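Analysis of the macromolecular model
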Amino acid sequence: MEKDLVYKLGLSFLKKVDANLVRLMASKDISPEEFFNLSGKDLISKLGIKPDHSFDKLAREEALAQARNELSKVSQHNITPLFLLDNNYPERLTEIEDAPIVLYKLGEADLDAEEVCAVVGTRRPSPYGIDSCGKIIEDIAGYFDSALIVSGLAYGIDATAHKKALACNLPTVAVVAHGLNMIYPATHRNLAKEIIRKGGAIISEYPFGVSPYRQHFLARNRIVAALSDVTLVIESAIKGGAMSTANFAFSYSREVMALPGKINDELSGGCNLLIRKQKATLLSCAADIIEATGWTPLNIKVSPQQRNLFPELDGEIKKIYEILKFSDQPLTVDKVCYQSGLNAAKVLSLLGELEFDGIIIRHPGNRYSIS
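Rules used throughout
- Counting of residues starts from 1 at the beginning of each chain's written sequence and follows it residue by residue.
- For this predicted model, a pLDDT threshold of at least 70 governs which residues receive local features, and a threshold of 80 or more governs which side-chain atom pairs are given and counted, while totals over whole chains, interfaces and linings are taken from all residues.
- Hydrogens are left out, water is left out, and the side-chain values use all remaining heavy atoms of the structure.
- Only DSSP runs of H or I with at least four residues qualify as helices, and only runs of E with at least two residues qualify as strands; both kinds are numbered from the N terminus onward.
- To sort residues, take the accessible area from a 1.4 Å probe on protein chains only and compare it with the maximum for the residue type: under 20% means buried, over 50% means exposed, and anything in between is partly exposed.
- For the accessible areas, the method is Shrake-Rupley and the probe is 1.4 Å, while residue cover comes only from the protein chains on display.
- Pairing between strands requires that DSSP locate at least two bridges from one strand to the other.
- Working rule for contacts: check all heavy atoms of both residues, and any pair within 4.5 Å makes them a contact.
- In this analysis, axes come from line fits to C-alpha atoms, helices being fitted only over the stretch in contact, and the angle between any two N-to-C directions falls in the range 0 to 180 degrees.
- Across the chain, each position has a pLDDT score giving the predictor's confidence in that residue, from 0 to 100.
- The salt bridge criterion pairs a side-chain nitrogen of Lys or Arg with a carboxyl oxygen of Asp or Glu, the two atoms within 4 Å.
- Pairs of N or O atoms within 3.5 Å make up the polar contacts considered here, provided that, within protein, one atom can donate a hydrogen while the other can accept it, and that residues adjacent in sequence are counted only when both atoms are side-chain atoms.
- Positive charges come from Lys and Arg alone, negative charges from Asp and Glu alone, with His and the N- and C-terminal ends not counted.

What the protein contains, in helices and strands, is 16 helices and 12 strands. Put simply, the protein has 371 residues, and 51% of those count as buried. Carbon and sulfur atoms make up 50% of the accessible area of the protein, which amounts to about 18000 Å² in all.

Strand order in the open sheet made by the three strands is β10-β12-β11, with antiparallel pairing throughout. The outermost strands of the open sheet, each flanked by one partner alone, are β10 (331-332) and β11 (360-363). Of the pairings in the sheet, the one linking β10 to strand β12 (residues 367-370) comprises two bridges and is antiparallel in character. Within β12, the position partnered with T332 by the bridge is R367. Across the sheet, helix α16 (residues 344-356) lies against β11 and β12, angled at about 110° from β11, the strand it touches most.

Let's shift gears to the confidence of the model for the protein. Of the residues in the protein, 95% have a pLDDT of 70 or more, and the chain-wide mean is 91. Scored below 50 in pLDDT, residues 302-310 makes 21 contacts in the model with residues more than four places away or belonging to other chains.

Attention now goes to the pattern of salt bridges. Taken as a whole and assessed by the stated rule, the structure comprises 15 salt bridges. When the shortest N-O distance is used, the salt bridge between K318 and D139 registers 3.1 Å. One end of the pair, K318, is in helix α14 (residues 315-325); the other, D139, is in helix α7 (residues 127-143), and 179 residues separate them in sequence. We classify D139 as buried; its relative accessible area is 14%. Taking the shortest distance from any N to any O, the salt bridge between R222 and E205 comes out at 2.7 Å. Pair noted here: R222 is in helix α10 (residues 214-226) and E205 is in the loop between β6 (201-204) and α10, with a separation of 17 residues, a long-range link. R222 sits in the buried class, given a relative accessible area of 8%. A relative accessible area of 18% means that E205 is categorised as buried. Ionic contacts of the salt-bridge type, sharing partners, join the residues D4, K8 and D86 into one network.

The next point concerns the environment of I360. Mapped onto the elements, I360 comes out in strand β11. The exposure class assigned to I360 is buried, which follows from its relative accessible area of 2%. Separated by 10 residues in the primary sequence, I360 and I370 have C-alpha atoms spaced 4.3 Å apart. Apart from residues no more than four positions distant in its own chain, I360 is found in contact with L324, L351, L354, E355, Y368, S369, I370 and S371.

At the junction of Y184 and P185, the peptide bond is cis and its omega measures out at -5° in the coordinates. Structurally, P185 is set in the loop between β5 (172-175) and α9 (189-197). Positive phi values are uncommon outside glycine, yet S253 reaches one of about 60°. On the secondary structure map, S253 appears in the loop between α11 (241-251) and β8 (255-258).

Following the sequence through the fold, R92 ends up in helix α6 (residues 91-94). For R92, a relative accessible area of 12% puts it in the buried group. A polar contact is formed between the side chain of R92 and the backbone oxygen of A113, at a distance of 2.7 Å. Polar contacts involving the side chain of R92 include one to the side chain of D229, which spans 2.8 Å.

Time to look at the side chain of E115. Considering the arrangement of structural elements, one finds E115 in the loop between β2 (102-107) and β3 (116-120). Summary of buried charges: E115 has no salt-bridge partner, and the nearest side chain of opposite charge, R92, is 7.5 Å away. Those residues in contact with E115 that sit more than four places away from it in its chain are R92, F144, S146, A147, L148, D229 and W295.

The structure is reproduced here in structure tokens:
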């Protein structure tokens, strides 16, 4: 098992090997071990590639030496290497052409969770951005108690997203741009520890000891986008890492959603541009995410006709509205109480307000539905 893993790690240390070549190897029934043991000529012939892609024997031996050293280090630190073609590699990530050959994981998070949401944004958010980020994640937690929140552990919106997910008991994953021997920024070490302690994970495509270079952050963004069903851009200028992540997500045909802002607000310039260019849909609450993704909340089947925008409601009354919105039949007061966690008096009061405003209708037997 360890020998097999050394060969798999070895592939990631060869510059001429990428995800497409690994997939080609699999299609030609060439194992990682065979890749390293065939002569260069036989390897080229069996792969059916041009001679200018030859793999020098010395280079392959050096890659294996690096792999043995890497395996020794990650084993000491409880880091799990995930190989592209193995069953434990995140399924969503396999769908992109430029997937990392090896992904290093520290922590127990399920990277194949049913609902995975990336949350990205500026490192210098406004109170509006911070407040909106927190409310949206709290909103998500109200409908999906095991949704996975993915971000990059950076200052600002990233850290806000991780912290709010932890506060809402949602698992969260930080994708970093360096080896897992360190945490950058260093001030987020305790946050990283808390992420792992509460069932999340820190992941990276970079081996032990690799520093956080600028180009690594841009490459990291594609993993944030590819791991997720939907990428939420909370606040971003027209140029920034969050825009990079959004563009990756758009290119992967994943959902992109952006929090709108004032037209003259620099921090909302990127979000507004994404919406204007139709690369992102407007984000205001979890209802918009459900509409865009088709996720089913509260174990209720949602028909396409029901996935239209919610009226402008807040707090408990919005919760009541959404419960009725996602039901395919009128609900009794008791059922609304059960699903909302509110007492009967409160539910009746809120139902009365919604009925008075013409948003819901009452049926015989005190059953309620959207009008």
